Amino acid sequence: MSIHQDPNKIIIFDTTLRDGEQALPQSLSTQQKLQIAMALDQLGVDVIETGFPISSEGDFQSVQTISKSLKHAIPCGLARCVPKDVDACGNAMKGVDHFRIHTFIATSDIHVQDKLKKSRDDIMAMATACIKQARNYTDDVEFSCEDAGRTPIDYLCRMVENAIKAGATTVNIPDTVGYTLPEEFGAIITNLYNRVPNIDKAVISVHCHNDLGMATANSLTAIRHGARQIECCMNGLGERAGNCSLEEVVMAIKLREKFLNGLYTDIVAKNIARTSTLVSKICNEPVPPHKAIVGSNAFAHSSGIHQDGVLKNRETYEILTPESVGFTGNTMHMTARSGRHMIRACLRNLGYEDDSYDLNEIYDRFLKLADRKGQVFDYDLEALLFFQKRDH
Ligand code: KIV
Ligand code: ZN
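Model, not experiment: these values are computed from the prediction.

(A) Structural view of the sheet that holds strand β6 (residues 170-175). Here eight strands make up a closed barrel; going around it, the order is β1-β2-β3-β4-β5-β6-β7-β8 and the pairing parallel. In this sheet, adjacent strand axes meet at a mean angle of 25° when their direction is disregarded. Together, β4 (100-106) and β5 (141-146) form the strand contacts of helix α6 (residues 120-135), whose direction differs from that of β4 by roughly 175°.

This is the structure we're talking about:
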């Protein structure tokens, strides 16, 4: 079945290698990009934006190499609505069975007037011409209205209608500067569905940036209003504050499937942790500890009340397990906030029988040490046991 045919499937379009790379102070080599692309392919993403072939000889080569190497994902190249960009995309992916050309032009007044210095009619004509040109290379053509989030809705509707007429099979609605709020963004998608004739002929996609921290919320709202493709990056990389984070949106869809009326993705959740680490290492971009799903603190429990709850039933404070995204387990920080149950559980983990020490006394010693040190580790607990035995 083509990725466009199942109405409940959310197509995951990964742009770590394009929008994600744009956020790095350095560019990635073809080898580095290939390694990431292979991991994304195994992760189960549907489309991989492999680069922007017109931008440099190196990028052209990366797109060429990666496009030939993918086993499952559809390779995609980016092109402005400029004929030489579209040709560069077509040429970079020549010989590949199925590939996508993604062409874009800005549609908001500020971009049209101040950046492109064109009229709305010029923009419409450039879009039509380049979509048609791209269709000469492939029948999988995506068109994006850059800065759609700030584009007047009447003009946006006309642009989308025009793009579909010209042959776009996916029409992407980017919130390029992360300006919209979820209800507002959802209303844009609803408006398009209500007003654009033949909208069902294309997949409606969204591409949300995170300037106000809304990228995941906006993307989820959009699929509740009919969008069926989400553009995202591993670890939420991307221009400025980043793009919608792949791991967040995918795990939200998986965990809240019922609320989302059965929408699903084909992502292999267990591969998320290793892909996140690989992207972080290759891009030299550490994952912030408090990053949802993949941060080192995302499955750590610190307060005594939480630790006690998790020891009795993990679901008290874990809405999903670290194992489900490929981590080996949760982390319990031993601090002065930890309770007796926690200390006993740690000692059991280290192989000490409950009757081989006096828990109350060890706990008093632990609290004194934790107040002095801040954080206590397994080897500290073993030292406390040693001193308890020596003092008796
Ligand atoms: O943010 C944006 O609008 C983009 C487009 C090229 C889709 O990255
Ligand atoms: Zn973007």
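(B) Local environment of the environment of Leu181. Within the fold, Leu181 resides in the loop between β6 and α8 (182-195). For Leu181, a count of 15 C-beta atoms within 10 Å translates into the label partly exposed. In this structure, the C-alpha to C-alpha distance between Leu181 and Asn218, residues 37 residues apart in sequence, is 6.8 Å.

(C) Summary view of the UniProt feature "domain: Pyruvate carboxyltransferase" (unreviewed entry) in the protein chain. UniProt's feature table lists "domain: Pyruvate carboxyltransferase" (unreviewed entry) at residues 10-269, given in the numbering used throughout. The straight-line gap between the two end C-alpha atoms of residues 10-269 is 15 Å; of that span, 44% is helix and 17% is strand.

(D) Structural view of the pairing of strand β8 (residues 229-232). What you see with β8 is no split at all: Gln229 and Glu231 on one side and Ile230 and Cys232 on the other are buried throughout. By the bridge criterion, four bridges tie strand β1 (residues 11-14) to β8 in an arrangement that is parallel. Of the residues in β8, the one forming a bridge with Phe13 is Glu231. Pairing of strand β7 (residues 203-208) with β8, which is carried by three bridges, proceeds in the parallel orientation. Along β8, the bridge assignment pairs Ser205 with Gln229. With respect to chirality, the unit in which β7 leads through helix α9 (residues 215-224) into the neighbouring parallel β8 is right-handed.

(E) Representation of the UniProt feature "binding site: Mn(2+)" (unreviewed entry) in the protein chain. In the UniProt entry, the feature "binding site: Mn(2+)" (unreviewed entry) is given for Asp19, His207, His209 and Asn243. Of the residues just listed, which span 225 residues, no C-alpha pair is farther apart than 10.3 Å, and they cluster in one region. Of note, His207 is situated in strand β7. Residue His207 is classed as buried on the basis of its C-beta count, with 30 C-beta atoms lying within 10 Å. Ignoring sequence-local partners within four residues, the contact set of His207 consists of Ser144, Asn172, Pro174 and Glu231.

(F) A look at helix α7 (residues 153-166). Spanning 14 residues, α7 covers 20 Å between terminal C-alpha atoms, matching the ideal 20 Å at 1.5 Å per step. Residues of α7 that are buried include every one of Leu156, Met159, Val160, Ala163 and Ile164, and no others. What you see down the axis of α7 is that its buried residues fit within an arc of 130°, all on one side. In this structure, the buried residues of α7 make contact with α6, β5, β6 and α8. In the stretch just after α7, Gly167 is the one whose phi turns positive, near 120°.

(G) The arrangement of the nonpolar core in detail. Grouped together as the largest cluster of nonpolar side chains are 92 residues, with contacts concentrated most on Ile12, Ile48, Ala127, Ala163, Ile230 and Val249. Per element, the largest residue contribution to this core is six residues, and it comes from helix α10 (residues 246-255). For Val249, the residues in contact, after removing those within four places along its chain, are Thr216, Ser219, Leu220, Ile230, Cys232 and Cys244. Formed by nine residues, the second largest nonpolar core is a distinct cluster that contains Met334, Ile343, Leu347 and Leu384.

(H) Highlighting the site of ligand 1. Lining the immediate surroundings of ligand 1 are Asp19, Phe104, Ser144, Glu146, Asn172, Pro174, Thr176, His207 and His209. When contributions to the shell around ligand 1 are tallied by element, the ones reaching two or more residues are β5 and β6. Within the shell around ligand 1, the residues separate by chemical class into two nonpolar, five polar and two charged.

Procedures and definitions
- Residues numbered from 1 in each chain as written.
- Chains lettered and ligands numbered in written order.
- Predicted model: local features only at pLDDT ≥ 70, side-chain atom pairs only at ≥ 80, totals over all residues.
- Pairing = 2+ DSSP bridges.
- Helix = DSSP H or I, 4+ residues; strand = E, 2+ residues; numbered from the N terminus.
- Axes fitted to C-alpha atoms, helices over the stretch in contact; angles between N-to-C directions.
- Contact = placed C-beta atoms within 7 Å.
- Buried ≥ 20, exposed ≤ 12 C-beta atoms within 10 Å, placed from the backbone.
- UniProt positions renumbered as here; feature names shortened; annotations may be inferred.
- Right-handed = clockwise from strand over helix to strand, strands pointing away.
- Expected span 1.5 Å × (residues − 1).
- Arc of directions from axis to C-beta.
- Core = buried A, V, L, I, M, F, W, Y, C linked by C-beta atoms within 7 Å.
- Near = placed C-beta within 6 Å.
- Nonpolar A, V, L, I, M, F, W, Y, C, P; charged D, E, K, R; others polar.

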